[in-house]
Amino acid sequence: MSGPERRNRANGAEVRDWLDEVWGRTQAAVVLEGGDFAGPLAERRICGEVFDSEDVAELRALTTTGEFIDDICRCHGSMTIALLDTEGEFIGSGSVHGLTDVSWERGRFRNNLEVADPERLIAFLEGLGIRMR
């Protein structure tokens, strides 16, 4: 990959720096219907909520541990994990692609994370009442 497409892609270290910063301010998360391009976050149906600090920490680990693939999935994703600050404002989001990837701020970073433990992520989301399979 070269040219403009490569210049618009953040490397894994840049995305990890952003993830550390935004997750450090995260107090809760919601799982929203639809992936990328499904409309404004505030207008989407909530499929699951994560408020307990231990569950927030687990979701963080499940969606930030793994390897960046230096590419993006061509689908729009099935759902979005939106992060909320202490004021309940959206501070970041990542769309779930297939059963293995999370694309954090896809339009900004253009670099999917292949999660380290996709089965555990699926089980976590299913525990929220979200049908993944």
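So, a few notes on the structure that sits alongside this text. (Residues numbered from 1 in each chain as written. Predicted model: local features only at pLDDT ≥ 70, side-chain atom pairs only at ≥ 80, totals over all residues. Heavy atoms only, no water.)

## Focus: the packing of helix α2 (residues 12-24) against helix α3 (residues 53-64)
Working step 1: Orientation of α2 relative to α3, taken along the N-to-C sense of each, is 170°, at an axis distance of 12 Å. As the angle between them shows, α2 and α3 are arranged roughly antiparallel. Here Arg16, Leu19, Asp20, Trp23 and Gly24 of α2 come into contact with α3, specifically with Val56, Leu59, Arg60, Thr63 and Thr64.
Working step 2: In the contact of α2 with α3, the residues fall into 4 nonpolar, 3 polar and 3 charged. (Axes fitted to C-alpha atoms, helices over the stretch in contact; angles between N-to-C directions. Helix = DSSP H or I, 4+ residues; strand = E, 2+ residues; numbered from the N terminus. Parallel < 35°, antiparallel > 145°, perpendicular 65-115°, else oblique. Contact = heavy atoms within 4.5 Å. Nonpolar A, V, L, I, M, F, W, Y, C, P; charged D, E, K, R; others polar.)

## Topic: the nonpolar core
Working step 1: The biggest cluster of nonpolar side chains holds 29 residues, and the ones touching the most others in it are Trp23, Leu59, Leu83, Trp104 and Leu125.
Working step 2: Of all the elements in the fold, those that place two or more residues in this core are α2, β1 (28-33), α3, β4 (79-84), β5 (90-97), β6 (101-104), β7 (113-115) and α5 (118-127). (Core = buried A, V, L, I, M, F, W, Y, C linked by side-chain atoms within 4.5 Å. Buried < 20%, exposed > 50% of the residue type's maximum accessible area, 1.4 Å probe, protein only.)

## Some details on the sheet that holds strand β2 (residues 46-50)
Working step 1: Read across the open sheet, the 7 strands follow the order β2-β1-β4-β5-β6-β7-β3; overall the sheet is antiparallel. For this open sheet the edge positions go to β2 and β3 (66-68), each flanked by a neighbour on one side alone. On average, each strand axis in the sheet is tilted by 25° relative to the strand beside it, whichever way the strands run.
Working step 2: Where β6 lies against β7, 2 bridges are found, and the strand directions are antiparallel. Counted as the bridge partner of Asp101 is Glu114 from β7.
Working step 3: On top of the sheet, α2 reaches β3, β4, β5, β6 and β7; it is set at about 125° to β3, its chief contact.
Working step 4: Where α3 meets the sheet, its contacts fall on β1, β2, β3, β4, β6 and β7, and the angle it forms with β7 comes to roughly 115°. (Pairing = 2+ DSSP bridges.)

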